[in-house]
Every structure is written in C-alpha cells, then in structure tokens.
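Below, each chain spelled out in residue letters.
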Amino acid sequence: MRPVIRGVFERGPSRARPCRAREGCCGHPAWGGAVAGGGAPGSAGGVRAEAVGGQDGADGVAGVDVRGVGSDVQGGAVGQIAEEVLLGVVECGQDRLLGAGDAPGGAGQDRAAVLGGHDPPGAAVAGGRDAFDQAGRFQGVQHVGHHGAVDAQVRGECGLGGQVALGDGGEHVVAAAAFGQVGQDEFGGLVPAAEQHGQGPAEIARGGAGLRAVVLGTGFGHSAIVPEYPDQEIGCQAYYLLSNAVVGGAPRRSAEGNPVMPDYGHDLLFGTFITPDAGDPAGAVARAQATEQAGLDFATFQDHPYQPRLLDTWTLLSWVAASTERLRVAPNVLNLPLRPPSVTARAAAGLDLLSGGRLELALGSGAFWDGIAAMGGGRLTPGQAVDALDQAIDVIRALWDEGARGGARAGGGHHRVAGAKRGPAPAHDIGIWLGAYKPRMQRLTGRKADGWLPSLGYADLAALAEGNRVIDAAAAEAGRAPGEVRRLLNLTGAEVGPASRGFLQGPPGQWVDELLPLVVEHGFSAFFLATDDPEQIRRYGEEVAPALREAAARERTAPPTAGARSASARAARRDGIDYGAVPASLAPGAVEPGDREYGRVRHTYMRSGSPGLVLRPADADQAAEALRYAREQQAPLAVRSGGHGISGRSTGDGGVVVDLSRLNRVELLDRAGGLVRIGTGARWSDVAAALAPHGLAISSGDHGGVGVGGLATTGGIGWMARRHGLTIDHLAAAELVLADGTRVRADAGTDPDLLWAVRGAGANVGLVTAVELYAQQVGEVVFADFALDAADTSGLLQAWGAAVEEAPRELTSFLRLIPGRRGSGPLAGVQAVYAGDDVEAARKAIAPLMALGPLLDQQAVLAPYRALMPAGGGPHRGAAEPVMRSALLDHLTAEAAEGIAAVAGSGQSLGVHIRAVGGAVNDVAPDATAYPHRHQNFSLAAIGAGPRVPAMERAWEALLPLTDGMYLSFETGTGPEVLRRAFPEPALSRLRELKRRYDPDQVFATNFPIPPADR
Ligand SMILES: Cc1cc2nc3c(=O)[nH]c(=O)nc-3n(C[C@H](O)[C@H](O)[C@H](O)COP(=O)(O)OP(=O)(O)OC[C@H]3O[C@@H](n4cnc5c(N)ncnc54)[C@H](O)[C@@H]3O)c2cc1C
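Trainee: Residue-level account of the overall build of the protein chain, with values.
Mentor: Check the secondary structure of the protein chain and you find 29 helices and 39 strands. Counting across all 1015 residues of the protein chain, residues that qualify as buried make up 60%. Counting only contacts in the protein chain whose residues sit at least 6 apart along the sequence, the fraction spanning at least 24 positions is 70%. Approximately 36,100 Å² of the protein chain is accessible, and the part contributed by carbon and sulfur atoms is 51%.

Trainee: Got a sec to walk through the environment of I728? Specific residues and values, please.
Mentor: Mapped onto the fold, I728 is located in the loop between α22 (721–724) and β29 (731–737). Separated by 31 residues in the primary sequence, I728 and R759 place their C-alpha atoms 5.3 Å from one another. For I728, the contacting residues outside a window of four places in its chain are L711, A712, T713, T714, G715, R759, G760, T929, Y931 and R934.

Trainee: Could you give an account of the site of the ligand, naming the residues involved and the relevant values?
Mentor: Near the ligand there are 33 residues, and of these S641, G645, S650, V768 and Y967 occur at the shortest range. A distance of 2.9 Å separates a nitrogen atom of the ligand from a polar atom in the backbone of I717. Its free accessible area being 940 Å², the ligand has 96% of it covered by the protein chains. Within the residue set of the shell around the ligand, elements represented by two or more residues are β24 (637–640), α21 (708–711) and β31 (767–774). If you tally residues by element for the shell around the ligand, the top one is α21, at three residues.

Trainee: Can you explain the packing of helix α24 (residues 793–806) against helix α26 (residues 894–904)? Please cite residues and give values.
Mentor: Their axes nearest at 8 Å, the elements α24 and α26 cross at an angle of 130 degrees. Judged by the angle between their axes, α24 and α26 are oblique. For the pair α24 and α26, the sense of crossing is right-handed. Side by side, α24 and α26 meet where T793, S794, L797 and Q798 of the first sit next to A894, A897, E898, I900 and A901 of the second. Of the residues that constitute the contact of α24 with α26, the class distribution is five nonpolar, three polar and one charged.

Trainee: Talk me through the confidence of the model for the protein chain; I want residue IDs and the actual numbers.
Mentor: Regions with low pLDDT carry predicted coordinates that are not meant to be interpreted in detail. Per-residue pLDDT for the protein chain averages 77, and the proportion of residues at 70 or more is 73%. Across residues 1–255 the pLDDT falls below 50, and counting only partners more than four positions away or on other chains, this stretch makes 637 contacts in the model. Low pLDDT (under 50) marks residues 257–261, which in the prediction has 28 contacts with non-local residues, meaning those over four places away or in another chain.

Trainee: Residue-level account of helix α27 (residues 950–959), with values.
Mentor: If you check which residues of α27 are buried, you get M952, A955, W956 and L959. All buried residues of α27 fall inside an arc of 100 degrees around its axis, so they share one side. Counted as exposed and oriented over 90 degrees from the buried face of α27: R954 and A958. Buried positions along α27 lie against β37 (884–889), α26, β38 (909–916) and β39 (938–944).

Trainee: Residue-level account of the pairing of strand β12 (residues 328–331), with values.
Mentor: Inspection of the sheet shows strand β11 (residues 298–301) paired to β12 by four bridges, in the parallel sense. Looking across to β12, one finds that F301 is bridged to P331.

Trainee: Outline the pattern of salt bridges, supporting the account with residue identities and numerical values.
Mentor: Side chains that differ in sign of charge can pair as their charged atoms come close. Using the criterion set out here, one finds 48 salt bridges in the structure. Taking the shortest distance from any N to any O, the salt bridge between R631 and D1001 comes out at 3.4 Å. One end of the pair, R631, is in helix α19 (residues 620–631); the other, D1001, is in the segment after α29 (987–998), with 370 residues separating them in the sequence. For E881, the salt bridge is made with R649, and the minimal N-O distance between the two is 3.3 Å. Of this pair, E881 sits in the loop between β36 (855–864) and β37 while R649 is found in the loop between β24 and β25 (656–659), placing the two residues 232 residues apart along the sequence. According to the relative accessible area criterion, E881 is partly exposed, its value standing at 40%.

Trainee: Describe the side chain of E971, naming the residues involved and giving the relevant values.
Mentor: Looking at the secondary structure, you find E971 in the loop between α27 and α28 (976–982). Residue classification places E971 among the buried positions, given a relative accessible area of 2%. A polar contact of 2.8 Å, which involves the side chain of E971, links it to the side chain of R885. The residues touching E971, leaving out its near neighbours within four places in the chain, are I646, S647, M884, R885, S886, M966, V978, R981 and F1008.

Trainee: For the sheet that holds strand β10 (residues 269–274), give the residues involved together with the corresponding values.
Mentor: With respect to topology, nine strands assemble into an open sheet ordered β12-β11-β10-β22-β19-β18-β17-β14-β13, the strand pairing being parallel. Two strands bound the open sheet, and with one partner strand each, they are β12 and β13 (334–335). For β10 and strand β22 (residues 524–530), the ladder comprises five bridges, and the chain directions are parallel. The residue bridging T272 from the neighbouring strand is L529, located in β22.

Trainee: Just give me the short version of the sheet that holds β25, but keep the residues and values in it.
Mentor: In spatial order, the strands read β23-β25-β24; together these three strands make up an open sheet with parallel pairing. Two strands close off the open sheet at either side, each with one partner strand: β23 (613–615) and β24. Neighbour to neighbour, the strand axes of the sheet diverge by 20 degrees on average, direction disregarded. In this structure, β23 lies alongside β25, joined through three bridges in parallel fashion. Among the inter-strand pairings, L615 is bridged to a residue of β25, identified as V658.

Trainee: Give me the lowdown on the packing of aromatic side chains, citing residues and values where you can.
Mentor: Within the structure shown, the criterion is met by 14 aromatic pairs. Pairing Y437 with Y458 gives two aromatic rings, centres 5.5 Å apart and planes at 45 degrees, and the pair type is tilted. With Y437 in the loop between β17 (432–434) and α13 (439–448) and Y458 in the loop between β18 (451–452) and α14 (461–477), the pair connects residues that are 21 residues apart, well separated along the chain. Its relative accessible area of 35% is what places Y437 among the partly exposed residues. An aromatic cluster is defined as three or more aromatic residues linked by ring pairs; in this entry it consists of F270, W511, F527 and Y540.

Trainee: So what about the side chain of Q510? Which residues, and what values?
Mentor: Take Q510: it is sitting in helix α15 (residues 508–520). Residue class for Q510 comes out buried when judged on its relative accessible area of 13%. Only 2.6 Å separates the side chain of Q510 from the backbone oxygen of G502, close enough to count as a polar contact. For Q510, the contacting residues outside a window of four places in its chain are S500, G502, F503, L504 and Q505.

Trainee: Please provide a residue-by-residue account of α14, values included.
Mentor: When the terminal C-alpha atoms of α14 are compared, their 24 Å separation across 17 residues agrees well with the 24 Å that a helix rising 1.5 Å per residue should span. The buried count for α14 comes to 12 of 17 residues, which makes it a mostly enclosed element. L461, L464, A465, G467, N468, R469, V470, I471, D472, A474, A475 and A476 are the residues of α14 that are buried. Next to the buried residues of α14 lie α13, β18, β19 (486–491), α15 and β22. Where α14 terminates, the next one or two residues include G479, which has phi positive at roughly 75 degrees.

Trainee: Quick one: what's the story with the environment of P305, residue by residue and with numbers?
Mentor: Residue position: P305 is located in the loop between β11 and α9 (313–323). Measuring from C-alpha to C-alpha, the distance between P305 and G371 comes to 8.5 Å, with 66 residues separating the pair along the chain. In contact with P305, not counting residues within four places along its chain, are N335, L338, R339 and M375.

Trainee: Account for the packing of α15 against helix α16 (residues 534–555), with residues named and values stated.
Mentor: A packed helix pair is summarised by two numbers, namely the angle formed by the two axes and the spacing between the axes. Their axes nearest at 9 Å, the elements α15 and α16 cross at an angle of 45 degrees. One finds that α15 runs oblique with respect to α16. In this structure, the crossing between α15 and α16 has a hand that is right-handed. In this structure, α15 uses P508, W511, V512, L515, L516, V519 and V520 to contact α16, whose residues at the interface are R539, Y540, E543, V544, A547, L548, A551, A552 and E555. Per-class residue counts for the contact of α15 with α16 are 13 nonpolar, no polar and three charged.

Trainee: Lay out the environment of D999 with the relevant residues and their values.
Mentor: Within the fold, D999 resides in the segment after α29. Judged by its relative accessible area of 0%, D999 is buried. When the C-alpha atoms of D999 and A739 are compared, they prove to be 5.5 Å apart, with 260 residues separating the residues in sequence. Other than its neighbours up to four places away in sequence, D999 contacts A739, N764, L994, F1004 and P1012. A polar side-chain atom of D999 sits 2.7 Å from the main-chain amide nitrogen of V1003.

Conventions used here
- Residues numbered from 1 in each chain as written.
- Predicted model: local features only at pLDDT ≥ 70, side-chain atom pairs only at ≥ 80, totals over all residues.
- Heavy atoms only, no water.
- Helix = DSSP H or I, 4+ residues; strand = E, 2+ residues; numbered from the N terminus.
- Buried < 20%, exposed > 50% of the residue type's maximum accessible area, 1.4 Å probe, protein only.
- Contact = heavy atoms within 4.5 Å.
- Areas by Shrake-Rupley, 256 points an atom, 1.4 Å probe, with all protein chains shown as cover.
- Near = heavy atom within 4 Å.
- Polar contact = N/O pair within 3.5 Å; in protein donor to acceptor, adjacent residues only side chain to side chain.
- Axes fitted to C-alpha atoms, helices over the stretch in contact; angles between N-to-C directions.
- Parallel < 35°, antiparallel > 145°, perpendicular 65-115°, else oblique.
- Left-handed = near helix turned anticlockwise from the far one by under 90°.
- Nonpolar A, V, L, I, M, F, W, Y, C, P; charged D, E, K, R; others polar.
- pLDDT = per-residue confidence, 0-100.
- Arc of directions from axis to C-beta.
- Pairing = 2+ DSSP bridges.
- Salt bridge = Lys/Arg side-chain N within 4 Å of Asp/Glu carboxyl O.
- Phe/Tyr/Trp six-rings, centres within 6.5 Å; stacked < 30°, edge-to-face > 60°.
- Expected span 1.5 Å × (residues − 1).

Below you can see the structure in the form of structure tokens.
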C-alpha cells in the first residue's frame, strides 16, 4: 500500500471534531463533503484510501474511515482542504448511509457519502450538502464523471459540497479537491498540467510555502488560475478555498467553529425593500431618505404596474434618486412584460446618468398575468416568459453598448431591436439582477445575469442552496465564473427586536449570527430588508449592517473582490500585469480587456487604445494605491483625467491606465476670494457649471469635455486668456501622488519648487489628484462665431493678427483655417469672446474682426460663460494616432502668415488653429511657472490628416524658424528638440533637477518625459 501523499497526511495525532452546525450537519447549508478513497490498486481503480483515511479501504472505497481522515489531516495543503471537507462528512454521514456505485464497496456504511469505484477503474465520490436532505438522507448522485486514466471522479455541488479525491491513476498520481461537477475533461486536463511542472502530488500537496498547485478539479470549467501556477486553471471557488484555507494557512471556520465553504467574495451591500404606497407617496420617499441616513446602500421598490395602489416604480426611483445623494436604487423587480426592454434600457441609462451611477436593474419575467393582461400586456407561459427575459437582457445590453459599431441588433420573437441607435451608455456598468426561483430562470441567471435576487419568503435555505447550485452550473457551462453573479436576498418577515422570536426576528446579534452563514457559506452579499418602519430601517442600518460587515470581515480571510472573471475574460489579459495583485479597494472599479465596460474606457478622445488594465480610484488614497500597484507592473503607466490628451498618452497598448475621472468634485473653498478645489477628474464643463451660480469662472480652454488634470498641469489657453491669463496662472496649490506613491500637497509655502513644476510640467512630477485655483468674477460674456472667406489666407491672417493685438484685453479670439475642398476655397472659422457683458464695448471690439474679409456666416450672443463650456463627456471613441504640431509666435508677420498658409494648404492638414495669447498671459514672469512663454501673442496648432503627413511636416519645418517656443498640449512629436522648445532654458534645467528629485525612475513617462538631471 503506497500512500499517495503521505507527507501531508501522516502528521499529527488523531483528532475527531464534532459537528456543531446549528441546523444539524447535513441539513445545514454550510456543510457537505465527501471523500474518495479506495482500496488497493486495482480494486477500485487504484484510488488510494489510506492517504485519506489512514486505512486500507479493504472493501473498496466505501471502507474509508472518515474519522481517520479528519484526524490525520493536520496541516498540509490538501490536508486542510480535506479536513474542511471531511469534517462535514464525519458527522453528516453518520445516520444514513448510502450506497451507490456498482463497484466493490459501493454500499454505504455508517459514515460518509462515499461511492464505490466504478469499473473500469475509478472512484466516484459524492458529497456536498445537497447529497443529503435535511434529515441526513442521501439524495442520490446526479453526475458521476469518469476518466479512465485518472481514476477519480468527483461529484459535488459548487460552493456547497466539497470533495477530495486522492488517487493514483497508474502513471499519474492525483490529488484533487473538487467543488462542483468534475467532468473528465477538466479532470483529465489538470493532471498533466501539474506534471509539466515536474511536481508530483506529494510536493504539490505539501503546502505551506511550497504550495504550487493542488490539482483542483472543479465544475466551473477551469475558471481561475493559481498565480503561482499560471498554466493551471482551476475553479474560482476552489481557488478561493485554496487562497483562504490553504495558502492563508488555517482553514476558515464559521462562528461555531465549523468549516465553511467559500463565498463569492463580493463586498457587502445593505438596503431596504420599501412599499411604493400610492396612498402615501411622500412616505415612500421619506423611507428611502431614512435608508440613506441610516448608512444603508440601497432603496429598492417592487414593481406592479397593474396595481393602482402602488406608485409607478420607475417614477419613484427617479424621484428618490433626485431626493438623495448617495443612495443607490433598484426596482425589486421590474415587471418586464409591461416594461419594453428597449425603452427600459434608455430609461435606465438616463437615470443612471442623472444619478451619477446609482441605479441597478433587477428584472422579473412577470407574474400576475391577469393584471398584466388587463393592462394590455401579453400573457406568456412560464417558458415563454423566461425566453422573453432572455431576449430582453440582450436588447438592453446591446443598447447600452454605445461603443460598439453599427446599430443594435438583438433579441428575438418577444423582444428585439433591429438596427436601433445605441446609447446612451449608462454612467456605470449597471448590473442586471434576476428574481429567479425556478431552475430555468436560475439557469438564465447563471448564463447571463449579474445578480440573483430571490426573497426569503419564497425560498428557504435549501432552495437558496439549490438555486446557487443551478446558477453556478449554468455559469460554468456558459464559460463564466460563478462569482460573476452576485447573490442578493430580500429579507421578508424579518424584524430587529428585543427578544428572539424566530429566524431574523430578534436582537442585532442574532441577525449577525443568522446572516453570517449566508455570507460566508452561501455567498450572499446583499440583503434588502422589507420594511416600511423607519425605526427598523434605522436599526438595520446602524446596528445590523455594521456588525455583520465586521463579522464577515473577520470570517473572510481574503478581502472582498469584485467577483471572479470568466475564463474568456481571463484569456484577454495582457502580459506583464499581475491581475491577482490589484488592490482590493480598486478591484471593483478595475476594468480588464475581457470586461463588458472595456469598450467604454479603452480609448481616449483622440486615440484608440488597448490597455491591459484600467484602474479607477475613487479618492486620493486609492489613487496612491493605484500608482504604487502600477509602478510594480512590467507594463507602461498612463495617467488619465479627462482623456482629451493630445501630447499625453492617457491610453496605450497593454499598459495600466490610472483613470482619475471619479475624482471630480468641485468645491468652492472661499467665495469671497474665489478659491476653488477641483478634483482633477472633473471636466471643465463641470467646473463652469459649478462656479456659474456664484458669478465665478476659470478660463480653461475652448472645450467643456477637456479634463482638469491634463489642462491645469500644462497651461490652459482659454476663451478669456487675454483677460484672465492661463489656467495655471491661478493655480495656488496641488495635491499629488508622487512617483514613490506618497501623497503630498504643494503650495507656495510648503513646496514652491513642486508647485512651480506643476504649473506647466505637472505630468512629469506626479499624479495630481486635486488642484486649488482662484476663479475670477465672470458673469455673462459676449460670444461671436463667424466664418470668413480665406482665399487670401496670408492677408487674412496678418490682418486678424494685427486686429487681435490691438483689441482690448477683454477680447480673446481663436481662428481655425479650414483648407478648401472640392472646388471651394479655404475658410477661416473665427470665434471671439468678449469677457464682459458690456454689449456695446463688445460690438466695438469684435466688429474689426468681422470686417477682415467676406463674412460668410455670423452670430454673436450674450451668454453665461458656462454656455461656452458645454458638457463633453461620454465614452471616447478615438480611433487613430493623431499628428499635431505646435508652436508659439510673437506676431503674425507676412512671412509667418505665408508659412501658416502653406501648412494649411499642404493637402495633408485638417486645419491650423491659432489661439490668441498675450494680454494677461504675458503679465506673468517667464520664470514664475514652468510655462515660460510670456511674450508671444499666438499659439499655433496644425492637425495632420493621417498618420503620415510628410507634406505638412515639410511646410511646418519651413515655418519653425519663425516661431518661438511651443505649448506642449498641442504637440504629438517627442524628443529632445521638442522638449527644448517647450521648456527653453533655464526652465528645462530646473525641471530636470526636479525630475531627479521627484521622479528619478521616470515613472511618469508618457507625456513629454523630461530626463532627470545627471547626478
Ligand atoms: C477637443 C480639444 C480641445 C482642446 N482645447 C484646448 C484649449 O482650448 N486650450 C488648451 O490649453 N488646451 C486645449 N486642449 C488640449 C488639452 O488641454 C490637453 O490635451 C489636456 O492634456 C487634456 O487634459 P485631459 O485631462 O482631458 O487629458 P488626459 O488625456 O486625461 O491626459 C493627458 C495627459 O495629461 C497628463 N495628466 C492628465 N491628468 C493628469 C493628472 N491628474 N496628473 C498628472 N498628469 C496628468 C498625463 O500625462 C496624460 O497623458 C484641447 C484638447 C482637445 C482634445
């Protein structure tokens, strides 16, 4: 007899542990387990029992002494798994024994659910809670896989049952712990994978630091990868167990000391399930507000559109979202037969956008068909209703997928879209949860949904466990990881009270005891309490939720994750990025190439990209974590605020993007002084909108969608530049994460050098999370927009340049040369902003510009400044690698104007933009900021019409000697010469010194990287 993994199982004395599950071992959902052992080689297919049971299973696998198993399992990797699993068996199998299998020893004795091996060789194992009924009776085996070579077949239920099979398949020695149904393919595939690494199971299983792989067969179709063993895919649940019970050392135990099964690793959410009583509309809203005040996450409402005593759910959700600040909302569940999915998709996206990403969408296939029919809805059989829901999900997702090309085509006979325009994309990846009780709906949930939302009133613990099993199996079959489906639960008939009166009826401590197993053993991670009692809401939020969070945090040995990713999502991962090491706080917002949200975050305004990972920190601490993580990866780092970078590459290929768009708060710190603190993820449209009510504004650029981060760290040539200067000229302080991951604040008092660098070259010295700026008193301004014939391009440019220089400072004008096309001559699009509401003065200032040439079109309006900064967010679809050239000019001389005309007329330019600077911009000393260009009057930017524009480049080269310096935000070229033009001495030397001080390793290297000064 040869113990297959003796090293593990020989340690320690015998030690039997009692089962202490509250509801009886087998009936308790936490439990389950089985072991495959077996007799001598050949008798039961060569599966070795002694390694498990410490005894020769003389009569085949059924002879395993399970107590022996538990006792002998003391510390090794598989041992711990085995112990967890087997302890359940020890007690659970006691009273009923099962016999199954047709091979020697198949009959059960008084111990465990051990099924005899089949012939041809093999051992089959049944286990899992659902192998037993509440009374501990064996329920039978539905699947017994078989793999001749491996000789071990395991059957169990994902997350509920667990099995350990140890076997010697002749040449292959196998150590397997399995959760779920192990089919021959999975099982067969795993063994060679282990062997490729030159490790037999003894080494593999010995665990501790040496743990490389326990061969885990799972029912999830290879849905996770052990980081230390990248070639080997295993099921996420099993991996979870591995990481918790094995890698982490001690097996996890429930509050009672019972071994627990893995949960799905989601963060915990709590909410209410409020009656949308039409008789008390304000009451429903007040309860939602009480939900928010109690610190809960969600308010949810049932949806019965045929019921006049209830408020319309969608209307109520919108009202509640508008009446709260942080609270998330969801229908619970939306009545699909009366809610056409195409309209629901748009309504949901709209509400999500309006509420700042606070909506989730729970759908139901329909019930109460008389009511539905009375409202004009079609009556569906249960099967049809599930089909309809299936199609609805496709329709909704297709419409939300704004990044996809072409019209949305999805659905089928019940619901469909046929080329409908896509969008709007919701503000976040809205989860679709299904209220599902029957297997068919649960299978749909596993295949397609993001969450499962049953109610306790309709499903007892056994039904929940069975539902989980069905969902997990369906998810596996669809190539998904079970963790992709969050498990949520409505708590009905529950009440926080002084004394215990039943399940979830008692003091908070009792609630925690009773909900905790649902979290750590069943994977439920969201609980919505059905109540309309404000006191219950308060107690649930203040006494139950925090206590359960705390208890769960203690029980869970691994931090919550965003859920597992499917095999196909993992296959899309890029080299050089340690996805398993993404900090837990960032995991929920992290987007990988295989994720649904990827299409919305991969590109920027101008560039297409394929980053390997996009991290979206929610605050400055998380931004620091993101940076610390990113700098450890073997992949380039890109920093993104608004994604409008031209010079800076805020996307890339295979790298890590730290996207700061969630750091977008605009706070007025001091009304009188106009001091504003702005998260760099905000866009200038947000800033203008937030400041307008206070009669304030900051001159930024000409586009509301541009991000604060990129512009406020580089320059900011805006609509009021001549009147108010550059954006950076008003920058008083910046909060940064430095290259080493530390957070600092730079202002004139604390770190004037760093502040100086941020004002022009910020991207080189840190990741700026917030800036403080002084806003100016700005109310309404005059905005003129007109087109001039530019047939005499050079003449027009000279005249426009002279007029601008002569104009009062209130006037700032931008001109865009548009090359002639298809027989029509070139045009000049001119905009002019008069920074004040004196219409007469504005007319006087603007009139000379309009008189410069044949006027083709014109309009001028008095408008609030914020009207000039319309919102320009939304998912970016940049599809190219643009070519742009940038330069600064003192005057539009005849020679310069000829040169510009040549660039515009090169046939390879989409246009040349000329922005007036001068005025207040030049009031600032050249050495006051890292933007030293303080005497020029014009900024030029030429846009190439393609990736290769040699003719435009030649014309540009000819123009260059006439220019003086460059504003780097409009340049896509790189190299030392470009740097010298952007930062003429002594600025460049000072920046190189500061680069050495703040970023010697050149972590920030994607936007005009400045080489650190030599030591
Ligand atoms: C349509 C359009 C119009 C424009 N109009 C003007 C204009 O009128 N005036 C003007 O001055 N500019 C203008 N720009 C240029 C614009 O200011 C810059 O491209 C700016 O960098 C964009 O900022 P962002 O945050 O949106 O860019 P992102 O693409 O998010 O970032 C660009 C680069 O800036 C750096 N960066 C971004 N955020 C941070 C941060 N928080 N900390 C450190 N570094 C950071 C990174 O290196 C990044 O690669 C325009 C650009 C576009 C596309």
